[in-house]
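As a plain string of letters, each chain reads:
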Amino acid sequence: MTDTLIKDVLTRTRRIAVVGVSPNPARPSYYVAEYLVQKGYEVVPVNPVHAGKEVFGHTIVASLAEIDPPVQMVDIFRRSEDVPAVVDEALAAFPDLETIWMQMGITNAEAAAKAEARGVDVIQDRCPKVEIPRLMG
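Chains are numbered independently. Their residues run from 1 in the order of the written sequence. In keeping with the model being predicted, local features are shown solely for residues with a pLDDT of at least 70 and side-chain atom pairs are shown and tallied solely at 80 or more, while totals for entire chains, interfaces and linings include all residues. Only heavy atoms go into the side-chain values, all of them from the structure, while hydrogens and water stay out.

Asker: Explain the side chain of Ser29 residue by residue, including any values.
Answerer: In this structure, Ser29 sits in helix H2 (residues 28-38). Think of it in three bands: residues with accessible area under 20% of the maximum for their type are buried, residues over 50% are exposed, and the middle band is partly exposed, with areas taken using a 1.4 Å probe on protein chains only. Its relative accessible area of 5% is what places Ser29 among the buried residues. Should any heavy atoms of two residues lie within 4.5 Å, those residues are counted as being in contact. Those residues in contact with Ser29 that lie beyond four places of it in its chain are Val18, Gly20, Val21, Ser22 and Phe77. Helical segments are the DSSP runs of H or I of at least four residues, strand segments are the runs of E of at least two, and each set is numbered from the N terminus.

Below you can see the structure in the form of structure tokens.
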């Protein structure tokens, strides 16, 4: 997981599913997703508990399978033990998925290996809200 890879991912990506987004502005998943929108990314919020609610002008969907057209990146705000199910769903929903991104404190070697075996870039234990200003000015 080099700075070059992270910058490449952030440069080429335009459409991101944020899994585990919260409608609560005090939650990291909310303000990171909102930051991505402010930086020009198209964000699709995903959370079955809050499906149908609105965040930063977008309706939260219940699952990745509901997203059309596909996203290039799935950004995961879920516990590390929940990551394999999210990765399985992402790989099934998006055959051409480019990136799985696990937020700070989130890692799962098994899920990462599965995604990488499909040619998907994996970034773990990082936050785009930190990496964008650090690597892209």
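Asker: Just give me the short version of helix H4 (residues 109-117), but keep the residues and values in it.
Answerer: Residues of H4 that are buried: Ala111, Ala112 and Ala115. Taken down its axis, H4 places every buried residue within 100° of arc, on the same side. Among the exposed residues of H4, those pointing more than 90 degrees away from its buried face are Ala109, Glu110 and Ala117. Check the buried side of H4 and you find it contacts helix H3 (83-93), strand S6 (99-102) and strand S7 (121-123). Pairing of N or O atoms within 3.5 Å defines a polar contact, subject to two protein rules: one partner must be a possible hydrogen donor and the other a possible acceptor, and residues neighboring in sequence count only if both atoms are side-chain atoms. At the N-terminal end of H4, a side-chain oxygen is found 3.2 Å from the backbone nitrogen of Glu110, two or three residues along, and the residue is Asn108. Phi turns positive, to about 85°, at Gly119, one or two residues after H4. Taken from the helix axis, the directions to the C-beta atoms give the arc we talk about.

Asker: Residue-level account of the environment of Gly137, with values.
Answerer: The topology assignment puts Gly137 in the segment after helix H5 (128-136). Of the residues examined, Gly137 reaches a relative accessible area of 80% and is grouped as exposed. Note: C-alpha distance between Gly137 and Leu64 (73 residues apart in sequence) is 31 Å.

Asker: If you had to explain the sheet that holds S7 to someone new, which residues and values would you point to?
Answerer: Neighbouring strands of a sheet are bound in pairs by backbone hydrogen bonds; such pairs are parallel or else antiparallel. Taken in spatial order, the five strands line up as S2-S1-S5-S6-S7 in an open sheet, and their pairing is parallel. What marks the edges here is a single partner per strand, and that holds for strand S2 (42-46) and S7. The sheet shows a mean angle of 20° between the axes of neighbouring strands, direction not considered. Any two strands are treated as partners once DSSP identifies two or more bridges connecting them. Here five bridges tie strand S1 (residues 15-19) to S2, and the two strands are oriented parallel to one another. Bridge pairing in S2 links Val18 to Pro45. Axis lines are fitted through C-alpha atoms, for helices just across the contact stretch, and the angle between N-to-C directions can take any value from 0 to 180 degrees.

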